[in-house]
Amino acid sequence: MNLFDAIFKQNSPERTAILYERQQISYAELREQALAIGRALSVLGVQRGDRVALLLYDSPEFIAAFIAICSYGAIAVPINMSLRLEDQQAVLNDSTASRALVEEDLCTTLLQNQANKLPQLKQVICVGRGETRDSTRNEHRDDSAEALTQVLSFTNLMKQSAQRLPPAFPFPEQNQPAFILYTSGSTGEPKGAVHCQSHIFYTNETYCREVLRLKESDRLFSSSRLPFAYGLGNALTFPLLNGCTSIVCREKPTPEVIAEVFSKHKPTVFFGVPVVYRLLLDEFKRKPEGSTLDCSSLRLCISAGEALPAAIGEEWEKFFGVPVLDGIGSTEMLHMWMSNHEGDVVYGSSGKLLHGYEARLLDLEGQPIPDGAEGNLWIKGASAAGQYWQRPEVTADTFIEGWVRTGDLYRRDVDGYWFHMGRSDDCFKSSGQWVSPVEVEGVLQRHEGVRVAAVVEAFDDAGLPCANAFVVRSEASVDDSECELRLRELARIALPRFKQPRQYVFVNELPYTATGKIQRFKLREGLESKVQSLRSPSGE
């Protein structure tokens, strides 16, 4: 079955599929929009296997286009709207997308001075948020570009293709690529993980069935965006495959925006990343009584993206009365393979392995690690991507005999709970013993004066490796020097000496990916640049 049939053949047409701004879109209306986009793909001459990029805000158009492109037999390439322009262009070029649906406010910027920048892109379908402006937009070619790109109006294209017969959405062949999701770049350059439609159905049968246990009355809201694996499951495939309602918001999910969505649409399941839960706590704990975040409709809160510090989960449940189920997934595996469960929450852990997945911990020589010890996590399941797009060497290093090398360092206790110890390339040795940044950060973030912390490898005056802590203080905390003294005492009590940060750097904010992961490699680069400048002849 293709995605179109899986969604629309089993759900009642009159049910609400999407709540979006002031719109309430039924399954019947969403079906018609997906069919219209399918007809438009035929008019444009899109062939099976062609890449069609989506540079769209979270919106009904994004959802309908994704369903249509995958079901048509082409390959959807969602691109994060918050990326820098040059990064968006890099993804377009890496995917060799020949066509793209693009927000109207981005079209001109994307194509400006285009010569030699987007050689593969031949057609852009411009999606406007005002029907009048979009329908009167002139269709033209950018003659200043060496590779001419035809710019078409989305509304006009829908009208032109309206008389076409409905597209025949074929049954997908085994291992037929349907979409490419680009990694968030937490450790460097993004890579495109190639997925099939069957991977979507597998995550629905595993994580969604086992952890979310959706009912038709559920309304799902994700602060993580649709172009990411986490957000795609949360806001598109899980609600629509189960006859639920997806609450879609194109605005940046600030605490004020999330509060408005909670108040207006009453979600029953909320998905966020740790930094979002931290921001919401910071914003609403200090509000006067009566103006807090309305969580009365919520039955589940979900966290992923990176490990949820135990202190944040405990504080959230205490303050808002709803537990947070932390889990781990990846772009390569499409969604989560481990999770805490309702009624079985161990804060600080990623929960237990889901049914349908296998996991193993290996040392650097590829030998199994016993329970309680730290090892490199490998995962296996039928939602795994087949490859990275046009990257055979990295593919061969990551996807091995059905297993996926995650790059995460984990330990498992005797009760079957899994604990994230950090990215393998973020961990380091101090005094000859491994240090997990996540473990040290969890200790520091229990101090009330710390809003968030990130730990990376540094070197002491003797050139020996040690832990360096970057700290963002809470507004109510004492000054930097006093805070450092208290953190050193906390670390002395809670951590062995080799794990205690030797240096503390107080900053206003940390670098994050668009999915809310701390970019520790940027912090390391900053430290290295500072050391080099001090060592150079001109350094002061």
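The coordinates are above.
Reference entry: report on the structure contained in this document. The model shown is predicted, which means the values in this text are computed figures rather than measured ones.

**Brief notes about the side chain of Arg225**
For step 1, the next point in the chain: Turning to its location among the elements, Arg225 is positioned in the loop between strand S11 (219-222) and helix H9 (229-241).
For step 2, the next point in the chain: Polar side-chain contacts of Arg225 include one of 2.7 Å to the backbone oxygen of Cys249.
For step 3, the next point in the chain: Ignoring sequence-local partners within four residues, the contact set of Arg225 consists of Asp58, Gly231, Leu232, Cys249, Arg250, Glu251 and Pro253.

**Focus: the pattern of salt bridges**
For step 1, the next point in the chain: By the definition in use, this model includes 27 salt bridges.
For step 2, the next point in the chain: When the shortest N-O distance is used, the salt bridge between Arg99 and Asp50 registers 3.4 Å. Of the two residues, Arg99 is situated in strand S5 (residues 99-103) and Asp50 in the loop between helix H2 (27-43) and strand S3 (51-55); the sequence distance between them amounts to 49 residues.
For step 3, the next point in the chain: By relative accessible area, Arg99 is classed as buried at 13%.
For step 4, the next point in the chain: Between Arg486 and Glu482 there is a salt bridge whose closest N-O contact spans 3.2 Å. One end of the pair, Arg486, and the other, Glu482, are both in helix H15 (residues 480-494), four residues apart, so they sit about a helical turn from each other.

**Topic: the sheet that holds strand S1 (residues 16-20)**
For step 1, the next point in the chain: The sheet built from nine strands is open, its strands ordered S2-S1-S12-S11-S13-S14-S15-S16-S17 with mixed pairing. In the strand order of this sheet, the two ends are held by strand S2 (23-26) and strand S17 (352-353), each with one partner.
For step 2, the next point in the chain: Here four bridges tie S1 to S2, and the two strands are oriented antiparallel to one another. Within S2, the position partnered with Leu19 by the bridge is Gln24.
For step 3, the next point in the chain: Strands in contact with helix H8 (residues 197-212) are strand S13 (269-272), strand S14 (300-303), strand S15 (324-329) and strand S16 (336-339); relative to S14, the strand with the most contacts, it is inclined by about 140°.

**What about the packing of aromatic side chains?**
Remark: the centre distance and the inter-plane angle together describe each pair of aromatic rings, the angle taken between the planes.
For step 1, the next point in the chain: Counting across every chain of the model gives 15 aromatic pairs.
For step 2, the next point in the chain: Consider the rings of Phe221 and Phe262, whose centres lie 6.4 Å apart with planes at 85°: the pair is edge-to-face. You can see Phe221 sitting in strand S11 and its partner Phe262 sitting in helix H10 (residues 255-265), a full 41 residues away along the chain.
For step 3, the next point in the chain: Taking relative accessible area as the criterion, Phe221 reaches 1% and is therefore assigned buried.

**A closer look at the side chain of Glu315**
For step 1, the next point in the chain: Within the fold, Glu315 resides in helix H12 (residues 310-320).
For step 2, the next point in the chain: We classify Glu315 as buried; its relative accessible area is 19%.
For step 3, the next point in the chain: Polar contacts involving the side chain of Glu315 include one to the side chain of Lys285, which spans 2.4 Å.
For step 4, the next point in the chain: Among residues more than four places away in sequence, those in contact with Glu315 are Arg278, Leu281 and Lys285.

Basis of the calculations
- Residues numbered from 1 in each chain as written.
- Predicted model: local features only at pLDDT ≥ 70, side-chain atom pairs only at ≥ 80, totals over all residues.
- Heavy atoms only, no water.
- Helix = DSSP H or I, 4+ residues; strand = E, 2+ residues; numbered from the N terminus.
- Polar contact = N/O pair within 3.5 Å; in protein donor to acceptor, adjacent residues only side chain to side chain.
- Contact = heavy atoms within 4.5 Å.
- Salt bridge = Lys/Arg side-chain N within 4 Å of Asp/Glu carboxyl O.
- Buried < 20%, exposed > 50% of the residue type's maximum accessible area, 1.4 Å probe, protein only.
- Pairing = 2+ DSSP bridges.
- Axes fitted to C-alpha atoms, helices over the stretch in contact; angles between N-to-C directions.
- Phe/Tyr/Trp six-rings, centres within 6.5 Å; stacked < 30°, edge-to-face > 60°.

None of this, on its own, says anything about what the molecule does.
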